[in-house]
Amino acid sequence: MQHDLSASPRRNIGKAELFLGFLKIGLLGFGGVAPWARHIIVEEKGWLTDKEFAEILGVGQVLPGPNVVNASVIIGNRFQGPVGVLLCLLGQMAMPVVIVIGLAMVYQRLASIPEVHAALIGAAAASAGMVLGTALKMIRNIRPTAVTLGIVGLGFASIALFRWPLVPVVVGLVVLAIVGTVLVRRS
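Throughout, residues of each chain are indexed from 1 in the direction in which the sequence is written. Totals for whole chains, interfaces and linings use all residues, but because this is a predicted model, local features are given only for residues with pLDDT of at least 70 and pairs of side-chain atoms are given and counted only at 80 or more. Each side-chain value is derived from all of the structure's non-hydrogen atoms; neither hydrogens nor water enter the calculation.

Q: I tried to follow the overall build of the protein on my own but got confused; where do I start?
A: A tally of helices and strands in the protein yields seven helices and zero strands. Put simply, the protein runs from its N terminus to its C terminus through helices and strands in the order α-α-α-α-α-α-α. C-alpha extents for the protein along the principal axes are approximately 60 × 45 × 25 Å. Buried, partly exposed and exposed residues are distinguished by accessible area as a fraction of the type maximum, computed with a 1.4 Å probe on protein chains only: under 20%, between the cut-offs, and over 50%, respectively. Split into buried and exposed, the 187 residues of the protein put 26% on the buried side. Considering only intrachain contacts with a sequence separation of at least 6, the fraction spanning at least 24 residues in the protein is 61%. Computing the positive centroid from 15 side-chain charges and the negative centroid from 8, the protein places the two 3 Å apart. We count a stretch as a helix when DSSP gives it H or I for four or more residues in a row; a strand needs E for two or more, and each element gets its number in order from the N terminus. Contacts: residue pairs with any heavy atoms within 4.5 Å of one another. His is not counted, nor are the chain ends; Lys and Arg add positive charge and Asp and Glu add negative charge. Where a charge sits is defined by one atom per residue type, namely NZ (Lys), CZ (Arg), CG (Asp) or CD (Glu).

Following this line, the structure appears as structure tokens:
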């Protein structure tokens with residue numbers, strides 16, 4: 001079974017709905033956008049299934065640039081073509097740009113306070129937890145194959161345990177995933 005990332009949507013998602021959905025993703029995306037994107041796109045709006053979202057996010061992960069921004073391009077194109085791409089990108093980026101500029105101005109004044117430094121360390125830990133929680137939720141919902149779990153294990157071991165460089169690991173895992181999927185489908 002082949003998957004087409006530009007496949008016809010189950011329903012028509014309007015331009016305003018796309019823009020407002022991605023505006024919400026951008027606004028709520030503190031600590032990492034992927035958990036919020038998945039929640040809004042899959043659970044709240046029902047635009048995609050968990051499997052479709054995982055496939056699109058996976059493509060976004062191996063392309064240069066932020067994975068959720070890349071996914072927003074694919075999703076925008078799927079539902080509204082080039083105009084949808086622009087609406088998703090604008091929606092996703094508008095509020096973070098405004099907020100980050102404001103926070104940068106505040107941080108410039110407060111950076112030397114030890115409590116601010118401690119709060120940022122806590123925020124980083126919370127962000128890591130959100131990413132891990134989202135990954136586990138996606139794995140549970142898409143019911144991965146043995147090949148998929150093997151790729152996940154190899155990726156974790158390569159990066160976290162062996163500390164190999166990211167780019168060669170991603171390239172190698174993509175090749176292994178393609179070969180593994182082809183072999184499984186043939187058998």
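Next comes the rest of the write-up.
Q: So what exactly am I meant to see when it comes to the confidence of the model for the protein here?
A: The predicted coordinates should not be examined in detail at positions where pLDDT is low. Note on scores: pLDDT gives the predictor's confidence for each residue, bounded by 0 and 100. Averaged over all residues, the pLDDT of the protein equals 88, while 94% of them reach at least 70. Of all secondary-structure elements in the protein, the lowest mean pLDDT belongs to helix 5 (residues 114-142), at 85, while helix 1 (residues 15-28) reaches the highest, 95.

Q: Even after reading the chapter, I still don't get the nonpolar core, so can you show me in this structure?
A: Soluble, globular proteins show a tendency: their nonpolar side chains are buried together. Counting 22 residues, the largest nonpolar core has L18, F22, I41, W47, L48, F53 and I75 as its most contacted members. Looking at this core, the elements that each hand over two or more residues are helix 1, helix 2 (33-44), helix 3 (50-62) and helix 4 (67-110). Counting residues per element, this core draws most heavily on helix 4, which supplies six residues. Not counting chain neighbours up to four residues away, the residues in contact with F53 comprise A34, A37, R38, I41, V42, L48 and M138. We define a nonpolar core as any set of buried Ala, Val, Leu, Ile, Met, Phe, Trp, Tyr and Cys residues linked to one another through side-chain atoms lying within 4.5 Å.

Q: Help me out: how do you make sense of the pattern of salt bridges in this one?
A: Salt bridges are counted wherever a side-chain nitrogen of Lys or Arg sits within 4 Å of a carboxyl oxygen of Asp or Glu. Counted under the stated rule, the structure contains five salt bridges. A salt bridge links K24 to E44; the nearest nitrogen and oxygen atoms lie 2.8 Å apart. Of this pair, K24 sits in helix 1 while E44 sits in helix 2, and the two are 20 residues apart along the sequence. For K24, a relative accessible area of 32% puts it in the partly exposed group. Residue E44 is classed as partly exposed on the basis of its relative accessible area of 37%. We note a salt bridge from D50 to R38, for which the minimum N-O separation is 2.9 Å. Placement of D50 in helix 3 and of R38 in helix 2 is noted, with a sequence separation of 12 residues between them. Comparing D50 with R38, the two get one shared label, buried. Each of R38, E43, D50 and K137 takes part in one network of salt bridges that share partners.

Q: Which parts of the structure should I look at to understand the environment of L149?
A: Take L149: it is sitting in helix 6 (residues 146-161). Sequence separation between L149 and G46 is 103 residues, and the spatial gap between their C-alpha atoms is 26 Å.

Q: Before we go on, may I ask you to explain a nonpolar patch on the surface in this structure?
A: Like-charged residues within 9 Å of one another, or nonpolar side chains (Val, Leu, Ile, Met, Phe, Trp, Tyr) within 5 Å, are grouped into patches, provided each residue has over 30% relative accessible area and no salt bridge. Reported accessibility uses the Shrake-Rupley method at a 1.4 Å probe radius. Residues are deemed covered only where the shown protein chains occlude them. A cluster of nonpolar side chains, V62, L63, V174, I178 and V182, forms an exposed patch at the surface whose accessible area comes to about 370 Å². The exposure class assigned to L63 is partly exposed, which follows from its relative accessible area of 41%.

Q: Any chance you could explain unusual backbone geometry here in plain terms?
A: A negative phi angle characterises most non-glycine residues, just as the trans form characterises most peptide bonds. One non-glycine residue with positive phi stands out, namely R143, at about 45°. With respect to the element layout, R143 can be found in the loop between helix 5 and helix 6. On the basis of relative accessibility, which here comes to 67%, the residue R143 falls in the exposed class. Located in the positive-phi region is R163, a residue other than glycine, with phi close to 60°. Within the secondary structure, R163 is located in the loop between helix 6 and helix 7 (166-186).

Q: I tried to follow the side chain of Q80 on my own but got confused; where do I start?
A: Summarising the element assignment, Q80 is placed in helix 4. On the accessibility criterion, Q80 (18% relative accessible area) is buried. Side-chain atoms alone can form a polar contact between residues adjacent in sequence; in general such a contact is a pair of N or O atoms within 3.5 Å, and within protein one must be able to donate a hydrogen while the other accepts it. Side chain to side chain, Q80 and K15 meet in a polar contact 3.1 Å long. Excluding its chain neighbours within four sequence positions, the residues that come into contact with Q80 are N12, I13, G14, K15 and L18.

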